[in-house]
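What follows is each chain in one-letter form.
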Amino acid sequence: MTTALITHPASLNHVTPPGHPEQVARYGAVMRGLEPLDALDRREAPVCTRAEILRCHPEAYLARIEAAIPETGLRALDADTHVSPGSLEAAMRAVGGACVGVDAVLAGEVTNAFVAMRPPGHHAETSTAMGFCLFGTVAIAARRALDHHGLNRVAVIDFDVHHGNGTQDLLWEEERALFCSTHQMPLYPGSGAATETGAHGNVVNVPLDPMTGSAAMRRAYDDVIFPAVAAFKPDLILVSAGFDAHEADPLANLNWKTEDFAWITRRICEVAGDLCDGRVVSSLEGGYDLDALRDSAAAHAAAMIAA
Ligand SMILES: [Zn+2]
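Below or above, wherever it landed, is the structure these notes cover. (Residues numbered from 1 in each chain as written. Predicted model: local features only at pLDDT ≥ 70, side-chain atom pairs only at ≥ 80, totals over all residues. Heavy atoms only, no water.)

## A word on the coordination of the zinc ion
The zinc ion binds to the protein through Asp160 (OD), Asp160 (OD), His162 (ND1) and Asp244 (OD), with metal-donor distances spanning 2.0 to 2.8 Å. Coordination at the zinc ion is irregular, judged from the four donor atoms that bind it and the angles of 52 to 154° they form at the metal. Of note, the zinc ion draws all its donor residues from one chain, in the sequence arrangement D-x1-H-x81-D. Like His162, Asp160 is buried. (Donors = N, O, S within 2.8 Å, 3.2 Å for Na, K, Ca; no water. Tetrahedral: all angles 85-135°; square planar, octahedral: opposite > 155°, others 65-115°. Buried < 20%, exposed > 50% of the residue type's maximum accessible area, 1.4 Å probe, protein only.)

So, in structure tokens, the structure goes:
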């Protein structure tokens, strides 16, 4: 069995202002990292339907995003989040990629899939674009797995250095989904306390102190998150793969190393192997040092291939 890489160069057409960390060059960095991995089954990320987005966001929100896309230049949705003429297609291909990743894994065509697209998605709340994100890509993929494919339970593991407030918001009342996140605290967006546990006990937040590095991260997963996932017995594991916990990242300081991204990916795939035939679909979130992003995404994909 194989690992799918699902992507599309439309990611290059989501443009942000000069100096913005979530920059076009991130896409090339990830592609350079993945380029040597011949084993990847390379697939195109399609534009999703509007109905796919409406699994998690209201029609009025989608219409507002569509109306905000400028004909030329850039438009700011908030201080951090911008759209350009190509942003809607890029974001809809990010969602489409995650959905076909779910489809391919559940069809048994591949063991697992990595969706390498931008913009990221885990900060987009039900009716609020924020934190560089327009649509809740991973939450939408979870709903597709549950409602379209009829799975009973889906777990989401978010190891981006920022709390996935959007995914948490979109899945807060979804008892068929377990949302688990490690993230630096304090840090943007400020949510993600361990006391935030979801409407059905279906949210597990493990905030990590700055500068705590590999050991604290590995304890959080082995002692808290993986036992919670095992108890939930998911049929599929989705991953919000942000690489901004890397020690070189300019936006945070958790001080993980490239090898830590290999470790977390290996362990997620092992847990998935025990629980759900290894079924994992991972979507790119953050990661803002281009060299660290290149190397960490490569380590992530290589561990998925080896699973
Ligand atoms: Zn992040």
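## So, helix H3 (residues 59-68)
Turning to H3, its buried residues number three or more, namely Tyr61, Leu62, Ile65 and Ala68. The buried side chains of H3 occupy one side of the element, clustering within an arc of 125° when seen end-on. When the buried face of H3 is taken as reference, the exposed residues oriented beyond 90 degrees from it are Ala60 and Ala67. Residues of H3 that are buried in the fold lie against helix H2 (50-53), strand S3 (75-76), strand S4 (82-83) and helix H4 (87-106). (Helix = DSSP H or I, 4+ residues; strand = E, 2+ residues; numbered from the N terminus. Arc of directions from axis to C-beta. Contact = heavy atoms within 4.5 Å.)

## Details of the layout of surface pockets
If you add up the space inside the largest pocket, you get close to 160 Å³. What lines the largest pocket is a set of 16 residues, among which His123, Phe132, His162, Tyr188 and Leu251 lie closest to the centre. Its residues assigned to classes, the lining of the largest pocket shows seven nonpolar, five polar and four charged. (1 Å grid on protein atoms, 1.4 Å probe; cavity = no way out; pocket = protein on both sides within 12 Å on 5 of 7 lines; lining within 4 Å. Points joined across faces, edges and corners; volume = space filled by probe spheres on them. Nonpolar A, V, L, I, M, F, W, Y, C, P; charged D, E, K, R; others polar.)

## A short note on the pairing of strand S5 (residues 112-115)
Each regular strand displays side chains that alternate between the two surfaces of the sheet. Burial along S5 is two-sided: Asn112 and Phe114 and Ala113 and Val115, pointing in opposite directions, are all buried. Two elements, strand S1 (residues 3-7) and S5, share four bridges in a ladder whose sense is parallel. Within S5, the position partnered with Leu5 by the bridge is Phe114. Bridge count between S5 and strand S10 (residues 280-284): four bridges; the pairing is parallel. The partner of Val115 across the bridge, within S10, is Ser283. (Pairing = 2+ DSSP bridges.)

## Quick word on the sheet that holds strand S9 (residues 236-241)
Spatially, the eight strands line up as an open sheet ordered S2-S1-S5-S10-S9-S6-S7-S8, and their pairing is parallel. Both edges of this open sheet fall to strand S2 (41-44) and strand S8 (203-208), since each of them pairs with a single strand only. Going across the sheet, the axis of each strand differs from the next one's by a mean of 15°, ignoring polarity. Of the pairings in the sheet, the one linking strand S6 (residues 154-158) to strand S7 (residues 177-184) comprises five bridges and is parallel in character. Across the sheet, Val154 pairs through a bridge with Ala177, a residue of S7. In the packing of helix H8 (residues 258-275) onto the sheet, contacts are made with S5, S6, S9 and S10, and the angle to S9 comes to roughly 165°. Against the sheet, helix H9 (residues 290-306) makes contact with S1, S5, S9 and S10, and its axis sits at roughly 165° relative to S5, the strand it touches most. (Axes fitted to C-alpha atoms, helices over the stretch in contact; angles between N-to-C directions.)

## Comments concerning the packing of helix H1 (residues 25-34) against H9
At a minimum axis distance of 8 Å, the contact between H1 and H9 shows a crossing angle of 45°. In terms of orientation, H1 lies oblique with respect to H9. Read as a crossing pair, H1 and H9 show a hand that is right-handed. Each of Ala25, Arg26, Ala29, Val30, Arg32, Gly33 and Leu34 in H1 lies in contact with H9, whose residues at this interface are Leu290, Leu293, Arg294, Ala297, Ala298 and Ala301. Grouping the amino acids of the contact of H1 with H9 by side-chain chemistry returns nine nonpolar, one polar and three charged. (Parallel < 35°, antiparallel > 145°, perpendicular 65-115°, else oblique. Left-handed = near helix turned anticlockwise from the far one by under 90°.)

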